[in-house]
Amino acid sequence: AQTVTQSQPEMSVQEAETVTLSCTYDTSESDYYLFWYKQPPSRQMILVIRQEAYKQQNATENRFSVNFQKAAKSFSLKISDSQLGDAAMYFCAYTPNAGGTSYGKLTFGQGTILTVHP
Amino acid sequence: NAGVTQTPKFQVLKTGQSMTLQCAQDMNHNSMYWYRQDPGMGLRLIYYSASEGTTDKGEVPNGYNVSRLNKREFSLRLESAAPSQTSVYFCASSEKKLAGPSSYEQYFGPGTRLTVT
């Protein structure tokens with residue numbers, strides 16, 4: 001069974017600084033997708049960024065970027081120029097692309113609470 | 001588009017009571033999912049429906065039943081609520097795309113906070 005581990009229950013960063021959230025996963029699949037979701041106090045789950053395992057290039061979305069290390073099964077999220085609105089719980093998630101039979105079922109990590117200090 | 005909607009937003013039940021959580025999506029997605037979120041455990045899949053007319057168990061299905069009423073709606077039923085089912089419940093949907101942009105991207109509802117006393 002696939003597992004996703006976020007080893008940092010809490011992280012903090014000063015506004016305008018950079019922070020990196022860690023995620024590791026375990027799978028025997030070679031083709032899969034990885035995601036970072038943000039959950040602010042409103043509870044709404046918001047997709048931040050996605051990475052396709054067969055793409056070597058790291059995904060970026062504005063101030064958010066990932067460091068995808070397939071061999072190490074590591075998928076960290078870097079937030080640059082942190083803003084107060086970035087304060088939230090962040091979840092790493094995984095789904096295999098097993099010919100479509102996985103039907104997109106996500107396996108989530110435990111989450112990391114990010115605090116942004118002004 | 002409303003996206004994914006869930007009702008109710010909050011609910012308090014007594015042990016042994018039953019209730020149904022409702023979920024609907026207006027994005028014409030094939031796949032729908034129910035997750036529960038507990039502190040320190042992330043989200044865990046309860047049941048999913050790959051397409052209209054099919055449902056399957058996820059990681060934590062015990063104590064729950066689901067119905068895929070039509071392509072839009074996917075409900076979750078607690079037949080006899082237990083305190084261990086106190087949680088936040090999320091419904092999500094996705095289009096079944098095997099490649100390309102938005103592959104497997106799931107869209108979530110606002111969640112239902114359920115307390116069982």
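Quick note: structure is the one above.
Residues numbered from 1 in each chain as written. Chains lettered and ligands numbered in written order. Predicted model: local features only at pLDDT ≥ 70, side-chain atom pairs only at ≥ 80, totals over all residues. Heavy atoms only, no water.

Enquirer: Got a minute to help me understand the overall build of chain B in this structure?
Expert: Assigned secondary structure in chain B consists of zero helices and 11 strands. Ordering the α and β elements of chain B from the N terminus gives β-β-β-β-β-β-β-β-β-β-β. Over its C-alpha atoms chain B spans a radius of gyration of 14 Å, differing by no more than 12% from the 13 Å that the globule rule assigns to 117 residues. Scored against the burial criterion, the 117 residues of chain B give a buried share of 48%. Of all intrachain contacts in chain B linking residues separated by at least 6 positions in sequence, the fraction that spans at least 24 positions is 56%. Carbon and sulfur atoms make up 50% of the accessible area of chain B, which amounts to about 5200 Å² in all. The positive charge centre, built from 12 side chains, and the negative charge centre, built from 9, are 4 Å apart in chain B. (Helix = DSSP H or I, 4+ residues; strand = E, 2+ residues; numbered from the N terminus. Rg over C-alpha atoms; globule rule 2.2 N^0.38 Å. Buried < 20%, exposed > 50% of the residue type's maximum accessible area, 1.4 Å probe, protein only. Contact = heavy atoms within 4.5 Å. Areas by Shrake-Rupley, 256 points an atom, 1.4 Å probe, with all protein chains shown as cover. Lys, Arg positive; Asp, Glu negative; His and termini not counted. Charge placed at Lys NZ, Arg CZ, Asp CG, Glu CD.)

Enquirer: What's the story with the pattern of salt bridges in this structure? I'm lost.
Expert: When charged atoms on two side chains of opposite charge get close, those side chains can pair. Evaluated as defined, the whole model comprises seven salt bridges over all chains. Beyond isolated ion pairs, a larger network of salt bridges with shared partners links Arg50, Glu52 and Lys55 of chain A. (Salt bridge = Lys/Arg side-chain N within 4 Å of Asp/Glu carboxyl O.)

Enquirer: How should I be thinking about the pairing of strand E11 (residues 112-116) of chain B in this particular structure?
Expert: The two faces of a sheet get side chains in turn, since along a regular strand they alternate between them. All names here are of chain B. Residues Thr112, Leu114 and Val116 point to one face of E11 and are all buried, whereas Arg113 and Thr115, pointing to the other face, are not buried. One ladder, built from four bridges, connects strand E2 (residues 10-13) with E11; its direction is parallel. Bridged to Gln11 within E11 is Leu114. In this structure, strand E9 (residues 87-94) lies alongside E11, joined through three bridges in antiparallel fashion. Looking at E11, one finds that Val88 is bridged to Arg113. (Pairing = 2+ DSSP bridges.)

Enquirer: How do you make sense of the nonpolar core when you look at a structure like this?
Expert: The nonpolar side chains of a soluble globular protein tend to be buried, and buried together. Counting 25 residues, the largest nonpolar core has Tyr25, Trp36, Phe75, Leu77 and Tyr90 of chain A as the members making the most contacts within it. Secondary structure elements with two or more residues in this core: strand E3 (19-21), strand E5 (32-39), strand E6 (46-52), strand E8 (64-69), strand E9 (74-79), strand E10 (88-96) and strand E12 (112-117) of chain A. Of all the elements, E10 of chain A adds the most residues to this core, at four residues. Counting residues in hydrophobic clusters, the runner-up holds 20 residues, among them Val66, Leu76, Cys91 and Leu114 of chain B. (Core = buried A, V, L, I, M, F, W, Y, C linked by side-chain atoms within 4.5 Å.)

Enquirer: I would appreciate a short explanation of the interface of chain B and chain A in the present structure.
Expert: It is common to give the size of an interface as the accessible area that goes away when the parts come together. If you look at the interface, chain B gives 31 residues, while chain A gives 25 residues. Summed over both sides, the interface between chain B and chain A buries roughly 2100 Å², with carbon and sulfur atoms accounting for 54% of that surface. The largest per-residue losses of area from chain B upon contact with chain A belong to Leu43, Tyr104 and Phe108 of chain B, which jointly make up 28% of the total buried on that side. Scanning the region where chain B abuts chain A turns up six residue pairs in polar contact (both at pLDDT 80 or more). For the side of chain B that touches chain A, the secondary structure elements donating two or more residues are strand E4 (31-37), strand E5 (43-49), E9 and E11 of chain B. The element contributing the most residues to the side of chain B that touches chain A is E4 of chain B, with four residues. Residue composition of the side of chain B that touches chain A, by class: 16 nonpolar, 11 polar and four charged. (Buried area = accessible area lost by both parts, 1.4 Å probe. Polar contact = N/O pair within 3.5 Å; in protein donor to acceptor, adjacent residues only side chain to side chain. Nonpolar A, V, L, I, M, F, W, Y, C, P; charged D, E, K, R; others polar.)

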